[in-house]
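Examination of the molecular architecture
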Amino acid sequence: MVPDQMFKQALSRLAAGVSIVSTAHNGERRGVTATAVCSVSAAPPTILVCVNTATGTCQMIKEAGHFAVNLLAEHHQPVAEIFAGRGGLQGDERFGHGDWIAGDERGLPILSSALAALECRVDKSVEAGTHIVFFGIIESAYFDENPPLIFHGGKFHVLPVARAA
């Protein structure tokens, strides 16, 4: 088996879009920065997210049965850093950063200027090591136009094509 550090170094070479997975339950909100987000199916419209079991976000998604995925634009880098745990803010405190609104379908936290935001109902979940993979049926979607935020090599980046546009 590959050691943890070698695994992390190898996967840091995979460029990925940056998202914030958010949820709400009983008047509380939670969210975490994620790159492990993937399209699964168009019929029904389904995505998956991988969330660390040690986070309050994971526990709340299990309780609520719903989550939102907010695809981040380049200007969201400071928000991505806050939701990645940099700066020491926890739980609902993180939502003081960014332009958050309640989604129409479930009232989930939606970043109003996200490239896209998807409100999802958990269809199934699978435990995989330190994470749970949540499969979500998309119940509503929101869109905006901006260059995407990318994560590669342990750093945030903007696509050169996006800068030129």
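Now for a look at the structure at hand.

How each quantity is defined
- Just so you know, the residues in each chain are numbered from 1, in the order the chain's sequence is written.
- Selection of residues for local features in this predicted model requires a pLDDT of at least 70, selection of side-chain atom pairs for listing and counting requires 80 or more, and totals for whole chains, interfaces and linings are taken over all residues.
- Side-chain figures throughout are based on the complete set of non-hydrogen atoms in the structure, without hydrogens or water.
- Per the convention used, a helix needs a DSSP run of H or I reaching at least four residues, while a strand needs a run of E reaching at least two, with both numbered from the N terminus.
- Residue exposure (1.4 Å probe, protein chains only): buried if accessible area is under 20% of the type maximum, exposed if over 50%, otherwise partly exposed.
- Note on aromatic pairs: the rings of Phe, Tyr and Trp (six-membered ring only in Trp) are paired at centre separations within 6.5 Å, and the planes decide the class, stacked below 30 degrees, edge-to-face beyond 60, tilted for the rest.
- Only strands joined by at least two bridges in the DSSP assignment are considered to pair.
- To obtain an axis, a line is fitted to C-alpha atoms, over the contacting stretch when the element is a helix, and the angle between two such axes runs from 0 to 180 degrees between their N-to-C directions.
- Pairs of residues are marked as contacts when any of their non-hydrogen atoms sit within 4.5 Å.

Now for the environment of Pro3. Here Pro3 lies in the segment before helix H1 (4-11). Overall, the relative accessible area of 48% leaves Pro3 in the partly exposed class. Sequence separation between Pro3 and His157 is 154 residues, and the spatial gap between their C-alpha atoms is 27 Å.

Applying the stated criterion across every chain yields a total of 5 aromatic pairs. Taking the centre distance of 4.9 Å and the plane angle of 75° together, the rings of Phe95 and Trp100 count as edge-to-face. Assessed through its relative accessible area of 5%, Phe95 is described here as buried. Here Phe151 and Phe156 contribute two aromatic rings whose centre-to-centre distance is 5.2 Å and whose plane-to-plane angle is 65°, an arrangement assigned as edge-to-face. Given a relative accessible area of 23%, Phe151 falls into the partly exposed group. Accessibility expressed as a relative area gives 14% for Phe156, which makes it buried. Cluster of aromatic residues (ring-pair linked, three or more members): Phe83, Phe95 and Trp100.

Attention shifts here to the sheet that holds strand E5 (residues 45-52). Pairing in this open sheet of 7 strands is antiparallel, and the strands run E3-E2-E6-E9-E10-E5-E4 from one edge to the other. Strand pairing shows two members of the sheet lacking a second neighbour, strand E3 (28-34) and strand E4 (37-42), which therefore form its edges. Neighbour-to-neighbour, the strand axes of this sheet turn through a mean angle of 30°, independent of strand direction. In the packing of helix H2 (residues 56-64) onto the sheet, the strands contacted are strand E2 (19-25), E3, E5, strand E6 (66-71), strand E9 (116-128) and strand E10 (131-143), and the crossing angle to E2 comes to about 50°.

Time to look at the pairing of E2. Where burial is concerned, most of E2 is hidden: 5 out of the 7 residues are buried. Bridge count between E2 and E3: 7 bridges; the pairing is antiparallel. Of the residues in E3, the one forming a bridge with Ser22 is Gly31. Once E2 ends, the chain turns through 2 residues before running back antiparallel as E3, passing Asn26 with a positive phi of about 50°. Pairing analysis gives 4 bridges linking E2 to E6, with the strands arranged antiparallel. Within E6, the position partnered with Val21 by the bridge is Val69.

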